[in-house]
Amino acid sequence: MKKPYQMLLKPLAVAITTAGLLVGCGSDDNKSSSTSTAAVADTEDTALAFDASNYTTATITVDGENMTVRQYSMVYVANPIAMASANRMGSTSVVTNPYIYQTMIVTVPEASLENQTTALYFMVNNGGWFNSPATASVTDGGSYVSTSDSDNVGAALKAGYVLVDVGTRSRGLRAEDGTYAGKAPAPVVDAKAAIRYLRLNDSLMPGSAERIVVNGTSGGGGLTSAIAASGNSTDFLPFLDAIGAAGVTGSGDTLASTIKDDVFAAVAYCPINNLGNADAGYEWQYNAIRSDSNTGAISGVAYSAGPQPAASAEIAATFPEYLAGLGLKLDDGTSLTTDNINDEIVAQLKAEIERQIAAGVAVPAYGENFSVTQRGVTSEVINDWLVLSGSGTSATVESIDFEKFLKFVTTPIALKTVVAFDATAVNGNTSVSGETNLFGNENYEYSNFTAWSWDNNEVVADGSGTDDTGVTWADYMSSSDGEDLATQLKLINPLSYLNTDADSAPHWYIRHGMIDRDTAFAMQLALYTAVKNDPNVQDVSFKLPYLVPHSGNYDVQEAFAWIKETLDAAN
Ligand code: DHB
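Remember, predicted model here, so these are calculated numbers, not experimental data.

**Quick notes on the side chain of His512**
Link 1 in the chain: On the secondary structure map, His512 appears in the loop between β18 (507–511) and α16 (521–533).
Link 2 in the chain: In terms of polar contacts, His512 uses its side chain to reach the side chain of Gln524, at 3.0 Å.

**Brief notes about the site of the ligand**
Link 1 in the chain: The environment of the ligand is made up of Gly127, Gly128, Ser218, Gly219, Ile272, Lys416, Phe421, Glu435, Asp518 and His550.
Link 2 in the chain: At 2.4 Å from an oxygen atom of the ligand is found a main-chain nitrogen or oxygen belonging to Gly128.
Link 3 in the chain: Between the ligand and Asp518, the relevant distance is 2.6 Å, taken from an oxygen atom to a side-chain nitrogen or oxygen of the residue.
Link 4 in the chain: For the ligand, the accessible surface in isolation is 290 Å², of which the surrounding protein chains cover 83%.
Link 5 in the chain: Here the shell around the ligand is composed, by residue class, of 2 nonpolar, 5 polar and 3 charged.

**What about the sheet that holds strand β3 (residues 83–88)?**
Link 1 in the chain: In spatial order, the strands read β4-β3-β9; together these 3 strands make up an open sheet with antiparallel pairing. The open sheet has two free edges, formed respectively by β4 (91–94) and β9 (173–175), since each of these has just one partner strand. On average, each strand axis in the sheet is inclined to that of its neighbour by 20°, with strand direction left out of account.
Link 2 in the chain: As paired strands, β3 and β9 are joined by 3 bridges and run antiparallel to one another. Along β9, the bridge assignment pairs Ala86 with Leu173.

**Brief notes about the UniProt feature "domain: BD-FAE-like" (unreviewed entry) in the chain**
Link 1 in the chain: The feature "domain: BD-FAE-like" (unreviewed entry), as given by UniProt, occupies residues 143–235 in the numbering adopted here.
Link 2 in the chain: A distance of 42 Å separates the end C-alpha atoms of residues 143–235, which is 35% helix and 17% strand.

**Concerning the sheet that holds strand β8 (residues 162–166)**
Link 1 in the chain: The 10 strands are arranged β7-β1-β2-β5-β8-β6-β10-β13-β18-β19 in an open sheet whose pairing can be described as mixed. Edge positions in the sheet fall to β7 (143–144) and β19 (539–543), since each has one partner strand and no second.
Link 2 in the chain: Bridge count between strand β1 (residues 56–62) and β7: 2 bridges; the pairing is parallel. Residue pairing for β7: Val62 is matched across the bridge by Tyr144.

**As for helix α8 (residues 308–316)**
Link 1 in the chain: Of all the positions in α8, only Gln308, Ala311, Ser312, Ile315 and Ala316 are classed as buried. All buried residues of α8 lie within an arc of 125° about the axis, which places them on one face of the element.
Link 2 in the chain: Packing partners of the buried residues in α8 comprise α7 (275–286), α9 (319–325) and α12 (451–455).

Conventions we followed
Residues numbered from 1 in each chain as written. Predicted model: local features only at pLDDT ≥ 70, side-chain atom pairs only at ≥ 80, totals over all residues. Heavy atoms only, no water. Helix = DSSP H or I, 4+ residues; strand = E, 2+ residues; numbered from the N terminus. Polar contact = N/O pair within 3.5 Å; in protein donor to acceptor, adjacent residues only side chain to side chain. Near = heavy atom within 4 Å. Areas by Shrake-Rupley, 256 points an atom, 1.4 Å probe, with all protein chains shown as cover. Nonpolar A, V, L, I, M, F, W, Y, C, P; charged D, E, K, R; others polar. Pairing = 2+ DSSP bridges. Axes fitted to C-alpha atoms, helices over the stretch in contact; angles between N-to-C directions. UniProt positions renumbered as here; feature names shortened; annotations may be inferred. Buried < 20%, exposed > 50% of the residue type's maximum accessible area, 1.4 Å probe, protein only. Arc of directions from axis to C-beta. Contact = heavy atoms within 4.5 Å.

As structure tokens, then:
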């Protein structure tokens, strides 16, 4: 018998014929109708009407001046799932508010209460792709600054934007009924449901739901990119329907949407995106430079003494075909492949280093040391990869030894062990780690989600892998359970939706630190190229910021200048 979750996951072929319904993808005539009002004939939507009188007031300072804000907290779906416990990074806690994961907190500067056009700064906060309870980023008595490079909340308040802190389900959650209720695509579905609430109530709430700027870092950057790429895709309707999201009508084959969930802009830092292919990209990028000095032991077995090198080589070998299969194009029309992607990364490094030099930053000469801070620890690492020519602020990059650059990146901080993302139950790893517990059905803690890890799963009775199911990855993926897994992988992956008829965000700001080893540079170049190739996209700002580690919201002045310029241009 099918478990409810499996039924829920069935790929959907929605035939939408009902006249007058907004179906999302594609058609431009739908766009004008997307400012929905609360006047939608749907009982769930009626239950989701915004209550303007239900708020608290907080007094804060921004740049030392008093500011009053109104804060609204609402469950944004009609059928929220009650949660019982939450695991984040290995520690489990009891959930006190069972609906906090499908709650958002909307903070409105008092001066913007009557403003129907200001942007909604929509913050997702699922670091590690973990579950994230709604947490107010503005609190009574708090002090914020708009002029710093690290206070995005202060900058958003000063700009008069409406701030949205959205909670989402994701991995690590268990519902009151004991199921693992945060599996993919839950975080994307929940964020879209919150967006739909904002659209449903747009005329009743301050700000404009046509100007949603999504912000997130790492797991949150991956989520940001998935939300921004997949606007109005009907793939999400069965999942949205199951939780009572606004603007979903019908059932089964008649499911349709009366509300849009596309967004205006994405601001994504180090987006851990495209998890289904992140391992292939990671091993392809780093295989040649992995060693005992930059790759840790697993369960006491050193990198070189165990199964990691062979696994890395096998996984790496799958990336060229994957990348070529994306059909992405560089500006000159050349296909993006593993033959040229490292050159593209080098071009980005060169451009960034030259911007820094021009701005007066003292970039060390060849043989001098870089001062590198990773996870709060500063170390001196020799420049054996970058040769400059000329001097002062007009120096330029003469050459970059890319392999040595990769070693440089992994000197102060080790690489992830092999397998990096689909890490559970392989190569002697006995912990549930990597992103493996984002996948699989709700009755199991995790499922391997890549071919290599599936085929090499070594934990008996975890329900995952050839050892338990008797089928290889290839056979599994053509089974009904495998189709469900493919759906999970698809719906969290921005590349599934860029360059399709989904309504991708027109504006993108993507950053990935120059010394960030949490995902491969190649994955970010693929995302950037896919965004650039998408005909819906009007502009994309992409950089590999100088000596920046895995982190986000470190360039707030630049990001907010970009947001303002982008909003002004859309006026
Ligand atoms: C994050 C970091 C990772 O290395 C990863 O695989 C997923 C998420 C994070 O910092 O959010």
